[in-house]
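# Fold and geometry: a report
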Amino acid sequence: MTDEYLTPEYLAEIPDLVLSPDMPDGTGAPGDSRRAQCAAKTMRAMARGGEIAWRDIVWAHLASAITETDPARLRAALAPVAATLDSWIASLDLRISTEPTSPDSAATGREAEPHALAAEAVTEKPVDA
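Residues numbered from 1 in each chain as written. Predicted model: local features only at pLDDT ≥ 70, side-chain atom pairs only at ≥ 80, totals over all residues. Heavy atoms only, no water.

## Points about the nonpolar core
- Judged by nonpolar contacts, Ala36, Ala39, Met43, Ile57, Ala60 and Ala63 together constitute the single largest core of six residues.
- Looking at this core, the elements with two or more residues in it are helix H2 (32-48) and helix H3 (54-65). (Core = buried A, V, L, I, M, F, W, Y, C linked by side-chain atoms within 4.5 Å. Buried < 20%, exposed > 50% of the residue type's maximum accessible area, 1.4 Å probe, protein only. Helix = DSSP H or I, 4+ residues; strand = E, 2+ residues; numbered from the N terminus.)

## Here we look at the pattern of salt bridges
- Within the structure shown, the criterion is met by three salt bridges.
- Between Arg73 and Glu68 there is a salt bridge, and its shortest N-O distance comes to 3.2 Å.
- We classify Glu68 as buried; its relative accessible area is 17%. (Salt bridge = Lys/Arg side-chain N within 4 Å of Asp/Glu carboxyl O.)

## Topic: the confidence of the model for the protein
- When pLDDT is averaged across the protein, the result is 79; 71% of the residues are at 70 or more.
- Low pLDDT, under 50, characterises residues 104-119; the stretch is placed with 21 contacts to residues that sit more than four places away or in other chains. (pLDDT = per-residue confidence, 0-100. Contact = heavy atoms within 4.5 Å.)

## Considering a nonpolar patch on the surface
- Taken together, Leu6, Tyr10 and Leu11 make up a surface patch of nonpolar side chains, about 240 Å² in accessible area.
- With respect to the helices and strands, the residue Leu11 is situated in helix H1 (residues 8-18). (Patch = residues over 30% accessible without salt bridge, like charges linked within 9 Å, V, L, I, M, F, W, Y side chains within 5 Å. Areas by Shrake-Rupley, 256 points an atom, 1.4 Å probe, with all protein chains shown as cover.)

## Here's the deal with the packing of aromatic side chains
- Under the defined criterion, the tally for this structure stands at one aromatic pair.
- Between Trp54 and Trp88, the ring centres sit 6.4 Å apart and the planes meet at 10°, which makes this aromatic pair stacked. Here Trp88 lies in helix H4 (residues 71-97) and Trp54 lies in helix H3, a separation of 34 residues in the sequence.
- For Trp88, a relative accessible area of 26% gives the class partly exposed. (Phe/Tyr/Trp six-rings, centres within 6.5 Å; stacked < 30°, edge-to-face > 60°.)

## What to know about the side chain of Thr27
- Along the polypeptide, Thr27 turns up in the loop between H1 and H2.
- On the basis of relative accessible area, Thr27 is assigned to the buried category, the value being 19%.
- Excluding residues within four positions of it along the chain, Thr27 makes contact with Asp32, Ile66, Glu68, Thr69 and Leu74.

## Concerning the packing of H3 against H4
- Relative to each other, H3 and H4 sit at 165°, their axes nearing to 8 Å. The angle between H3 and H4 falls in the class roughly antiparallel. Crossing handedness for the pair H3 and H4: left-handed. In contact with Trp54, Arg55, Ile57, Val58, His61, Leu62 and Ala65 of H3, H4 contributes Leu74, Ala77, Leu78, Pro80, Val81, Thr84, Leu85, Ser87, Trp88, Ser91 and Arg95.
- For the contact of H3 with H4, the residue count by class is 12 nonpolar, four polar and two charged. (Axes fitted to C-alpha atoms, helices over the stretch in contact; angles between N-to-C directions. Parallel < 35°, antiparallel > 145°, perpendicular 65-115°, else oblique. Left-handed = near helix turned anticlockwise from the far one by under 90°. Nonpolar A, V, L, I, M, F, W, Y, C, P; charged D, E, K, R; others polar.)

## Quick look at the environment of Val81
- Mapped onto the secondary structure, Val81 falls in helix H4.
- A relative accessible area of 8% means that Val81 is categorised as buried.
- Beyond its immediate chain neighbours, meaning those up to four positions away, Val81 contacts His61, Leu62 and Ala65.

## Points about H4
- Counted at 1.5 Å a residue, the expected span for H4 with its 27 residues is 39 Å, and the 38 Å between its end C-alpha atoms agrees.
- Among the residues of H4, Leu74, Ala77, Val81, Thr84, Ser87, Ala90, Ser91 and Asp93 are the ones counted as buried. (Expected span 1.5 Å × (residues − 1).)

## Observations concerning H3
- End to end, H3 covers 17 Å across 12 residues, agreeing with the expected 16 Å (1.5 Å per residue, within 8%).
- Where H3 is concerned, the buried positions are Trp54, Asp56, Ile57, Val58, Ala60, His61, Ala63 and Ala65.

Okay, structure coming up:
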C-alpha cells in the first residue's frame, strides 16, 4: 500500500479539518457495537494464540471508542486509542534505534519508552452491547 493520497497539499489541510468544531464525529452508527465486540473478541483470541499485534490492539480500542456518541464519553474512549498509538510508536522507535543497517533508522527526537498497554488491552472488559 502506498501513501500517494498523503500529498503535501492534503496534509496541509488536516489542521484546518482537525480544528473544526463542526466536523461530525460519525460515531454510534448502526453496527458499530457489533464491530467493536468482534474486534475485542478477535484481540482476545489473537492474544490467547500468542499472535497479538499492535494493529489488533489499536483496532479494538478504536472500534470500542467509535460506539460512543456523547462527546465527553467519546473523548474518554479515545484516550486509550491515543495512548496505544503512542505505545506502538515507542515500540517502533525502539526497533528503529536498534536497526544499525537501516537507512531509515534516524532518531525521531523523542525518547522511546516501553509501555504495558498491550497487556492491559488484552484484559479489558468486553464492550457493552
